[in-house]
Amino acid sequence: MALLKRCVAVGLSAAMLVSLAGCGGQAQQPTGAPTAKETPAATEVPAAQDDTKPAEKVTIVFARGMDSTKASNNIVEAFNASNPNIQVKFQEMPSDSGQQHDQYVTAFSAGGSEYDVFDADVIWPAEFAQAGYALALDSYIQRDGINMADYMEGQVSALKFKGKMWGMPKFTDGGLLFYRTDIVDKAPGTWDELMEMAKANKGKEGTEFGFVFQAKQYEGLVCNAMEYIAAYGGQVVDGDGNVTIDSPETIKGVQKYIDIVKSDFVPNNVTTFTEPESHTAFMEGKSVFIRNWPYQWNLGNDPENSKIAGKFAIAPLPKGDARSAATLGGWVSMINKNSKNPDAAWELLKFMNGAEGQKISAMDGGLSPTYLPLYNDADVIAKNPHFGDKGFVDGLKAAVPRPVSPIYPKLSEVMQIEISKALAGEQTAEQAVKNMDAQMKAAVADAQ
Ligand code: GLC
C-alpha cells in the first residue's frame, strides 16, 4: 500500500488547512453579493406530503458533464429500474465546466424547463440561487429526514446561500499528483523537485513528457493557479472577502506555474489542455506525472482504457515555500426552478446523491463521496484503497475553496484571462497579479 503510506507521510491535510484562509470563511456569507433579491424559488417548494412518489408516469431529464466512466449511466439505470413511475433520460453536457455553465445559463435565463435535475460545479450554487434558476430544497430535505451532518461540510457550505440549501452534494474533488511507479520510486516533495524529476525522467518507459496538467483558459486553469498561489503563501481574498491577491507570495506562485508551462518537459500545447487531454496523455503512458482530480485513479486503473493500469500511485501536490495546497472542486446536484416535475426530480436527486447513488459513483467512477459513511464501506475501499486512508480523506476535506460568491464567474474570468496572458508570455507574473487585483476589486465594489 505504497500510496496510502505516501499520503499519510506527507500530511496532505495539515499542509492544506491554512491555505487561502479567507475563501473558506466566506462559505456561508458570500461576499460581493448584489443587493438581495430573494428568489421566489425559496417559497415555492411543494408543501410536505405523505406520498412522495408521483402517481403518473413522468419522464425527467438529468444533465451532467461528459462522464468518461460508466457511473452516470449506471446510476440512471439503477434509478429507472427501481422507480417505474419515473423515467430518467441522461443528457450529457460538455466536459468543460465553463461551457456547461454557459449552456445552463442560456436555458435557465430563458425560463427553459428542458433540464429537470443537473449537476452543478461547486462554484455555481450562489450564482444560480441569486439568479432564481434553482429550487430551494430545504422542505424536501426536512420532509425526508436527510441528515446533512452525514455529508462533507465544505460541500454543504457551498450549497447554502441566504440561509437555504440549493442542492445536494454529490462528489468532492481536490487536486492530486499521480506518478508512475515504474519510473520513479517516490513523489516529489516540492514543486522544484517535481521540475527536476520531470526533466530527468522524461523519455523513460516510452514517456514523451515529464508532467501534464491543465492550462487552457477555462475554469481548470483557475484551479491549477490557486494551487500554486496557495502553495507559495498567497491568497485571492481574505476572510472578510477583501481582494488580497497582490502579494509577493502570489506573484511567486504564478511565476512557478509560468516556469512549468514554459519548461521542456511539458507538451508544447499544454495551454490547450483540460482534464480529458491531460488524462488521455497520462493513460497512454506519455507522462511521468499528472496533476488531476481523484477520478484519475479509477480511470487509469481500467485496463480497457489505460496502458498504465497498476503502474501509478497518488500523492499530495508538491509544496511551495509555504505548503502543499489542493483546490477544492466537486459537483452538487440542483433542481431547475422551472422543472415541470420537481417531486420526481427530487426523487432522483435523493437517490443519486444518497448512499446508493454515491456508492455507484465511487465504485464505477472513482469519484470521492460527499456522503461520509461511504468512507467506511468495505466495497468502496476495496475499489479505491485511498478512500480508506484518513490522511487522504482529511486532505480532501481541507482543500482550498474558491470564493463562494454570486459574482464568482467574474472573478474566475479575470483570473483566466490575466493568467493565460502570463502563461503565453504576453505579460509578467507581476503584471498579471496587479491586473487581477485592480479588476477583482472593481468587480467586488460594483456588486456591493
Ligand atoms: C473538476 C472540479 C470542478 C472544477 C473543474 C475545473 O470538475 O470538480 O470543481 O471547477 O474540475 O475543470
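Parameters and conventions
- Residue positions are counted from 1 within each chain, in the order its sequence is given.
- The predicted nature of this model means local features are confined to residues of pLDDT at least 70 and side-chain atom pairs, given and counted, to a pLDDT of 80 or more, with totals for whole chains, interfaces and linings taken over all residues.
- Axis definition: a line fitted to C-alpha atoms, over the contacting stretch in the case of helices. Angles run 0 to 180 degrees between N-to-C directions.
- The numbering of helices and of strands both runs from the N terminus, where a helix is a DSSP run of H or I of at least 4 residues and a strand a run of E of at least 2.
- The crossing is said to be left-handed when, going from far helix to near helix, the turn is anticlockwise and less than a right angle, and right-handed when the turn is clockwise.
- A pair of residues counts as a contact when their C-beta atoms, built from backbone coordinates, are within 7 Å of each other.
- Just so you know the grouping, Ala, Val, Leu, Ile, Met, Phe, Trp, Tyr, Cys and Pro go in nonpolar, Asp, Glu, Lys and Arg go in charged, and all remaining residues, Gly too, go in polar.
- Nearness rests on one distance test: the residue's C-beta atom, set from the backbone, must lie within 6 Å of the molecule or strand.
- Each domain's limits were defined by an automated method or a database of domain assignments.
- Strand pairing follows a simple DSSP-based rule, namely that at least 2 bridges must link the two strands.
- In this analysis, the expected span of each helix is defined as 1.5 Å times one less than the number of residues it contains.
- Three classes are used. A residue is buried when 20 or more other C-beta atoms lie within 10 Å of its own, exposed when 12 or fewer do, and partly exposed in between, with C-beta atoms placed from the backbone.
- As used here, the arc is the angular range of directions from the helix axis to the C-beta atoms.
- Roughly parallel here means an angle under 35 degrees, roughly antiparallel means over 145, roughly perpendicular means 65 to 115, and every remaining angle is called oblique.
- Any set of buried Ala, Val, Leu, Ile, Met, Phe, Trp, Tyr and Cys residues joined through C-beta atoms within 7 Å is what this text calls a nonpolar core.

1. Focus: the packing of helix α4 (residues 71–82) against helix α15 (residues 355–365)
Here is step 1: Between α4 and α15, the least distance of the axes is 9 Å, while the angle of their chain directions is 145 degrees. The crossing of α4 and α15 is right-handed. Along its contact with α4, which presents Ala71, Asn74, Ile75 and Ala78, the element α15 presents Gly357, Ile360, Ser361, Asp364 and Gly365.
Here is step 2: The class makeup of the residues in the contact of α4 with α15 is four nonpolar, four polar and one charged.

2. Some details on the site of the ligand
Here is step 1: Around the ligand, the neighbouring residues are Ser97, Asp121, Val122, Asp173, Glu219, Gly220, Cys223, Glu275, Trp293, Gly329, Gly330 and Trp331.
Here is step 2: Residue composition of the shell around the ligand, by class: four nonpolar, four polar and four charged.
Here is step 3: Residue assignment places the shell around the ligand across two domains, with domain 1 (14–173 + 329–400) and domain 2 (175–327) each supplying three or more.

3. Notes on the sheet that holds strand β7 (residues 176–180)
Here is step 1: Strand order across the open sheet formed by four strands is β8-β9-β7-β10, with mixed pairing between neighbours. Strand pairing shows two members of the sheet lacking a second neighbour, β8 (209–212) and β10 (312–315), which therefore form its edges. With direction set aside, neighbouring strand axes in the sheet form an average angle of 15 degrees.
Here is step 2: When β8 meets strand β9 (residues 287–292), the two strands line up parallel, connected through three bridges. In the sheet register, Phe209 faces β9, and the bridge partner there is Ser287.

4. Some points on α4
Here is step 1: The end-to-end C-alpha distance of α4, which contains 12 residues, comes to 17 Å, matching closely the 16 Å that a straight helix rising 1.5 Å per residue would cover.
Here is step 2: Of the residues making up α4, those classed as buried are Ala71, Ser72, Ile75, Val76 and Phe79. An end-on view of α4 places all buried positions within 135 degrees of arc, on one side of the element.

5. Some remarks on the environment of Leu411
Here is step 1: As for its placement among the helices and strands, Leu411 is situated in helix α18 (residues 408–423).
Here is step 2: With residues near it in sequence (within four places) discarded, Leu411 still touches Pro403, Ser405, Met440 and Ala443.

6. Things to note about the packing of α18 against helix α19 (residues 429–447)
Packed helix pairs are specified by the crossing angle of their axes together with the interaxial distance, meaning the distance between the axes.
Here is step 1: Put simply, α18 and α19 touch, their axes get as near as 9 Å, and they point 165 degrees apart. Overall, the two elements α18 and α19 adopt an arrangement that is roughly antiparallel. You can see that α18 and α19 cross each other, and the crossing is right-handed. Between α18, through Lys410, Leu411, Val414, Met415, Glu418, Ile419, Lys421 and Ala422, and α19, the contact on the second element is made entirely by Ala429, Ala432, Asn435, Met436, Gln439, Met440 and Ala443.

7. Examining the sheet that holds strand β2 (residues 86–93)
Here is step 1: Read across the open sheet, the six strands follow the order β2-β1-β3-β11-β6-β12; overall the sheet is mixed. At either end of the open sheet lies a strand with only one pairing partner, and these are β2 and β12 (368–369).
Here is step 2: When strand β6 (residues 168–174) meets β12, the two strands line up antiparallel, connected through two bridges. When the bridges of β12 are listed, Phe171 appears paired with Pro369.
Here is step 3: In the packing of α4 onto the sheet, the strands contacted are β1 (58–65) and β2, and the crossing angle to β2 comes to about 170 degrees.

8. Details of the nonpolar core
Here is step 1: Trp166, Phe211, Ala225, Val254 and Leu348 are the most contacted members of the largest nonpolar core, which has 135 residues in total.
Here is step 2: When residues in this core are grouped by element, the largest group, nine residues, is from helix α10 (residues 219–231).
Here is step 3: When residues are assigned to domains, this core turns out to be shared by domain 1 (14–173 + 329–400) and domain 2 (175–327), each giving three or more.
Here is step 4: Once you skip the residues sitting within four places of it in the chain, Trp166 turns out to touch Pro125, Phe128, Ala129, Ala134, Ala136, Leu137, Leu159, Phe161 and Met334.

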